[in-house]
Amino acid sequence: MTGAVTRSSTQAIPKVRLATVWLDGCSGCHMSLLDTDERLLDLAGRAAVVWGPLVDAKEFPENVDVTLVEGAVSSEEDLHRIRLVRSRTRTLVTLGDCAITGNVSAMRNNFGVNVVLRRAYLENDTLDAQVPRQVIPPLLKIARPVHEFVAEDVFVPGCPPPADLIFSVLSELLAGRIPNPAAKFG
Ligand code: SF4
């Protein structure tokens, strides 16, 4: 008989639930993810993006398989978010040096919060100089890497990590394997 469709051939393989989170970073790590170019189509075939800068969702979802985290923990909002993300994520990946070590985000640490706010909102503003009291979440005293607050499972170094490295890490994760990208820098 031709054209027979078996039950198993119609059952779709569930996609990996993938999220990306942007804490205190410049977005360069997310840009590097986009730099995987047409390979994004390959990733999209294997993953469902359930949260990220381009996803219109109000709350970080439950039961996320893999979350990529860009940026350091710099504000009370970052801290609340990373704890929530950790509690709802099976494999948490710190993406880039800001998330892993603090890196650029931590350059403010030697100056103190007030000096940084004054520099950003008063000294560098020529139109309406004032430190915002709303919308901008309160800063923590210093910016710190993600692992100081929650456990990370995989870290992907670089500023930003190269697109090829991100793709290879994601390919492994989507296949259910835990990669060791740091070994590539050994
Ligand atoms: S690691 Fe580099 S590219 Fe990534 S958020 Fe930090 S400064 Fe930007």
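Rules of the game
- Residues numbered from 1 in each chain as written.
- Predicted model: local features only at pLDDT ≥ 70, side-chain atom pairs only at ≥ 80, totals over all residues.
- Heavy atoms only, no water.
- Helix = DSSP H or I, 4+ residues; strand = E, 2+ residues; numbered from the N terminus.
- Buried < 20%, exposed > 50% of the residue type's maximum accessible area, 1.4 Å probe, protein only.
- Lys, Arg positive; Asp, Glu negative; His and termini not counted.
- Salt bridge = Lys/Arg side-chain N within 4 Å of Asp/Glu carboxyl O.
- Polar contact = N/O pair within 3.5 Å; in protein donor to acceptor, adjacent residues only side chain to side chain.
- Contact = heavy atoms within 4.5 Å.
- Phe/Tyr/Trp six-rings, centres within 6.5 Å; stacked < 30°, edge-to-face > 60°.
- Lys NZ or Arg CZ within 6 Å of the ring centre and 35° of its normal.
- Near = heavy atom within 4 Å.
- Nonpolar A, V, L, I, M, F, W, Y, C, P; charged D, E, K, R; others polar.
- pLDDT = per-residue confidence, 0-100.
- 1 Å grid on protein atoms, 1.4 Å probe; cavity = no way out; pocket = protein on both sides within 12 Å on 5 of 7 lines; lining within 4 Å.
- Points joined across faces, edges and corners; volume = space filled by probe spheres on them.
- Pairing = 2+ DSSP bridges.
- Axes fitted to C-alpha atoms, helices over the stretch in contact; angles between N-to-C directions.

Peer 1: Tell me about the side chain of Asp78, residues and numbers included.
Peer 2: By secondary structure assignment, the location of Asp78 is in helix α4 (residues 76–87). Lacking a salt bridge, the buried Asp78 has Arg81 as its closest oppositely charged neighbour, with an N-O distance of 5.1 Å. Here the side chain of Asp78 touches Ser74 through a polar contact of 2.8 Å, landing on its backbone nitrogen. Among all residues touching Asp78, those that are not within four sequence positions of it are Leu23, Asp24, Ala72 and Val73.

Peer 1: Describe in detail the environment of Val16, supporting the description with residues and values.
Peer 2: Tracing the chain through its elements places Val16 in strand β1 (residues 16–22). As for Val16 and Leu173, which are separated by 157 residues in sequence, their C-alpha atoms are 9.0 Å apart. Not counting chain neighbours up to four residues away, the residues in contact with Val16 comprise Arg46, Ala47, Ala48, Asp65, Val66 and Leu174.

Peer 1: Any chance you could break down the packing of aromatic side chains for me, citing the residues and the numbers?
Peer 2: What the rule picks out here adds up to one aromatic pair. Relative to Phe60, the ring of Trp51 lies with its centre 5.7 Å away and its plane at 70°, an arrangement referred to as edge-to-face. A single burial state applies to Trp51 and to Phe60, both of which are buried. The ring of Phe167 has Arg39 sitting right over it, with the charged end atom 5.0 Å from the ring centre.

Peer 1: Mind laying out the pattern of salt bridges, listing which residues take part and the relevant values?
Peer 2: Tallied over the entire structure, the rule returns 12 salt bridges. In this structure, the salt-bridge partner of Arg39 is Asp164, at a minimum N-O distance of 3.0 Å. In this pair, Arg39 is assigned in helix α3 (residues 39–46) and Asp164 in helix α7 (residues 163–174), connecting sequence segments 125 residues apart. Overall, Arg39 belongs to the partly exposed group, its relative accessible area being 26%. Note that Glu123 is salt-bridged to Arg118, the shortest N-O span being 3.6 Å.

Peer 1: Give me the site of the ligand: which residues, what numbers.
Peer 2: Every residue near the ligand is listed here: Gly25, Cys26, Gly28, Cys29, Glu70, Asp97, Cys98, Asn103, Val104, Gly158, Cys159 and Pro160. Listing elements by their share of the shell around the ligand, those giving two or more residues are α2 (28–34) and α5 (97–101). Counted by class, the shell around the ligand contains six nonpolar, four polar and two charged residues.

Peer 1: Tell me about the confidence of the model for the chain, and name the residues and values.
Peer 2: Across the chain, the average pLDDT comes to 91, with 91% of residues at or above 70. Within the model, the stretch residues 1–5 combines pLDDT values under 50 with one contact to residues more than four positions away or in other chains.

Peer 1: Provide a residue-level description of the layout of surface pockets, including the pertinent values.
Peer 2: Estimates place the volume of the largest pocket at around 430 Å³. Lining the largest pocket are 20 residues, and of these Thr20, Leu33, Leu34, Leu40 and Val49 sit closest to its centre. When its residues are assigned to classes, the lining of the largest pocket shows 16 nonpolar, four polar and no charged.

Peer 1: Requested: an account of the sheet that holds strand β3 (residues 64–70), with residues and values cited.
Peer 2: Reading across the sheet, the five strands line up as β2-β1-β3-β5-β7 and stay open at both edges, with parallel pairing between neighbours. Because the sheet does not close on itself, it has two edges, and the strands there are β2 (47–51) and β7 (154–156). In this sheet, neighbouring strand axes are inclined to one another by 25° on average, regardless of whether the strands run parallel or antiparallel. Lying over the sheet, α3 contacts β1 and β2, oriented at roughly 85° with respect to β2. Packed on one face of the sheet, α4 meets β1, β3 and β5 (89–95) and runs near 135° to β5.

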